Amino acid sequence: MLAAAKEIADNSAVTAVTKIREWGPWIIGGAWLSVGGQRVDLLYRNADAVEVVMESCRAGIITMDYQPGHPHGFCSAIWMGEIAYCHCAIRKT
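Residues numbered from 1 in each chain as written. Predicted model: local features only at pLDDT ≥ 70, side-chain atom pairs only at ≥ 80, totals over all residues. Heavy atoms only, no water.

J.: Now, about the pairing of strand β2 (residues 38-43): what can you tell me, with residues and values included?
T.: The buried fraction of β2 amounts to zero of the six residues, a small share that puts the element mostly on the outside. Bridge analysis of strand β1 (residues 30-35) against β2 gives six bridges, and the strand direction is antiparallel. Bridging from a neighbouring strand, Ser34 pairs with Arg39 of β2. The hairpin formed by β1 and β2 contains two residues between the paired strands, and Gly36 there has a positive phi angle of roughly 60°. (Buried < 20%, exposed > 50% of the residue type's maximum accessible area, 1.4 Å probe, protein only. Helix = DSSP H or I, 4+ residues; strand = E, 2+ residues; numbered from the N terminus. Pairing = 2+ DSSP bridges.)

J.: So, the pattern of salt bridges: which residues are in play, and what are the values?
T.: According to the stated counting rule, one finds one salt bridge in the structure shown. Notably, a salt bridge pairs Arg45 with Glu82, separated by 2.7 Å at the nearest N-O pair. Taken together, the positions of Arg45 in the loop between β2 and α2 (47-58) and Glu82 in helix α3 (residues 78-92) put the pair 37 residues apart, joining distant regions of the chain. (Salt bridge = Lys/Arg side-chain N within 4 Å of Asp/Glu carboxyl O.)

J.: So what about the environment of Val53? Which residues, and what values?
T.: On the secondary structure map, Val53 appears in helix α2. Separated by 10 residues in the primary sequence, Val53 and Thr63 place their C-alpha atoms 9.3 Å from one another. If near-sequence neighbours (up to four positions away) are discounted, Val53 is found in contact with Trp26, Ser76 and Trp79. (Contact = heavy atoms within 4.5 Å.)

J.: Outline the side chain of Gln67, listing residues and values.
T.: Tracing the backbone through its elements, the reader meets Gln67 in the loop between β3 (64-65) and β4 (74-75). In this structure the side chain of Gln67 is engaged in a polar contact, spanning 2.8 Å, whose partner is the backbone nitrogen of Trp26. Contact partners of Gln67, with chain neighbours within four places excluded, come to Trp23, Gly24, Pro25, Trp26, Ile27 and Phe74. (Polar contact = N/O pair within 3.5 Å; in protein donor to acceptor, adjacent residues only side chain to side chain.)

J.: Requested: an account of the packing of aromatic side chains, with residues and values cited.
T.: Given two aromatic rings, one states the distance between the centres and the angle between the planes to describe the pair. All told, the structure shown has four aromatic pairs when counted by the stated rule. Cluster of aromatic residues (ring-pair linked, three or more members): Trp26, Phe74 and Trp79. (Phe/Tyr/Trp six-rings, centres within 6.5 Å; stacked < 30°, edge-to-face > 60°.)

Structural measurements only, silent on function.
Right under this line is the structure:
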């Protein structure tokens, strides 16, 4: 992860990433970067877990779970929004 983050970061000398699972069960890690002068959150996801959550959301099962830094909990349906947004952004480029 560090090598990939350093490739895109404006200042690779100060680029740091977390270990996997360092940030908790839903946002399992990442980095805060500057890319092209823009602040970027790099967030790790477990692709298998995302697929399971997407299937659950499609079945109407949405959960609120503990996640450090999210005082009201983490809503599993957020991942559906992230996927939808990424698909839209990819189509526009």
